[in-house]
Amino acid sequence: MATLNAFLKQKGYTRIRLKRIATDHYELVAKINGHEGLFILDTGASATCVDSSCVSTFLLTPKENEVKAASATETDISTQVAVKNTIEIGAWKRERTPIILFNLSQVNVALEAYDEGPFQGIIGADLLKKAKAIIDYENNWLYMK
């Protein structure tokens, strides 16, 4: 019987190692516009987000956004959006990716209580859906197509 990795590789998936942190979230390294950052994988987040303080780090061009964000610690958060970005996670790559920008300091403060972070952003369900992502929770792997 083929392993999950072998089966998904045949289907065009790439595999990315995930690291489980103290809060039972996963962290991973991603590149936006060629620049690396540390991100939380959050299947419950509707959109992929970057901390607004990292605009220059990732060469983002923010535009006003009418959509408000909410987190576990705050609601009704003002956001901006940056469009036409390239994102890479392991060998997986996608161009013309929109990214939501907002202040993630409260998220990072909450995670610092567990000696985790700081994180530059969140990989959300929008990107996971586009990549037809599969998470192997038992072995801590993310598969993206």
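Residues numbered from 1 in each chain as written. Predicted model: local features only at pLDDT ≥ 70, side-chain atom pairs only at ≥ 80, totals over all residues. Heavy atoms only, no water.

**Student:** Sorry, what's going on with the environment of Ala-82 here?
**Tutor:** Summarising the element assignment, Ala-82 is placed in strand 7 (residues 77-89). Assessed through its relative accessible area of 0%, Ala-82 is described here as buried. Sequence separation of Ala-82 and Ser-105 is 23 residues, and the distance between their C-alpha atoms is 19 Å. Not counting the four nearest positions on each side in its chain, Ala-82 is found in contact with Leu-60, Thr-61, Thr-97, Pro-98, Ile-99 and Leu-101. (Helix = DSSP H or I, 4+ residues; strand = E, 2+ residues; numbered from the N terminus. Buried < 20%, exposed > 50% of the residue type's maximum accessible area, 1.4 Å probe, protein only. Contact = heavy atoms within 4.5 Å.)

**Student:** Can you walk me through the sheet that holds strand 11 (residues 141-144) in this structure?
**Tutor:** Within the open sheet, the three strands sit side by side as 1-11-10. Their pairing is antiparallel. The outermost strands of the open sheet, each flanked by one partner alone, are strand 1 (14-17) and strand 10 (134-136). Averaged over all pairs of adjacent strands, the angle between their axes in this sheet comes to 25°, without regard to strand direction. The pairing of strand 10 with strand 11 spans three bridges and is classified as antiparallel. The partner of Ile-135 across the bridge, within strand 11, is Leu-142. (Pairing = 2+ DSSP bridges. Axes fitted to C-alpha atoms, helices over the stretch in contact; angles between N-to-C directions.)

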